[in-house]
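Architecture at a glance
These are the residues of each chain, in order.
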Amino acid sequence: MANTKHTFIAIKPDGVQRGLVGEIIKRFEQKGFCLVGMKFLRASEEYLKQHYVDLKDRPFFPGLVKYMNSGPAVAMEHHSWQ
């Protein structure tokens, strides 16, 4: 029986705005990944601050939170078999 590897992939707001979602999915599938779940979301500022808490003391933290909150993102789970 083959081992299944689970991979999380996020398309950030600029990728969604630029209409790259389909092309990015296509590239992963061409590499042998199988998309098993996808969700469009817009994370709240509070969620992003918690998600990136390990970076809170870095000078780029406020810009990161603002950027990730600037529009919708796509969260996906892909599987690959080895």
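Note that the structure is predicted; figures quoted are calculated from it, not measured.

Definitions and cut-offs
Residues numbered from 1 in each chain as written. Predicted model: local features only at pLDDT ≥ 70, side-chain atom pairs only at ≥ 80, totals over all residues. Heavy atoms only, no water. Helix = DSSP H or I, 4+ residues; strand = E, 2+ residues; numbered from the N terminus. Rg over C-alpha atoms; globule rule 2.2 N^0.38 Å. Buried < 20%, exposed > 50% of the residue type's maximum accessible area, 1.4 Å probe, protein only. Contact = heavy atoms within 4.5 Å. Phe/Tyr/Trp six-rings, centres within 6.5 Å; stacked < 30°, edge-to-face > 60°.

Focus: the overall build of the protein chain
Secondary structure assignment for the protein chain yields four helices and three strands. In sequence order, the secondary structure elements of the protein chain are arranged as β-α-α-β-α-α-β. At 15 Å, the protein chain has a C-alpha radius of gyration far larger than the 12 Å of a compact globule built from 82 residues. When its C-alpha atoms are laid out on the principal axes, the protein chain stretches across 45 × 30 × 20 Å. Buried residues in the protein chain amount to 28% of all 82 residues. Restricting to contacts in the protein chain with at least 6 residues of sequence separation, those with at least 24 account for 82%.

So, the packing of aromatic side chains
Taken as a whole and assessed by the stated rule, the structure comprises one aromatic pair. For the ring pair F28 and F33, a centre distance of 5.6 Å and an interplane angle of 80 degrees mean the geometry is edge-to-face. Among the residues examined, F28 registers a relative accessible area of 26% and is labelled partly exposed.

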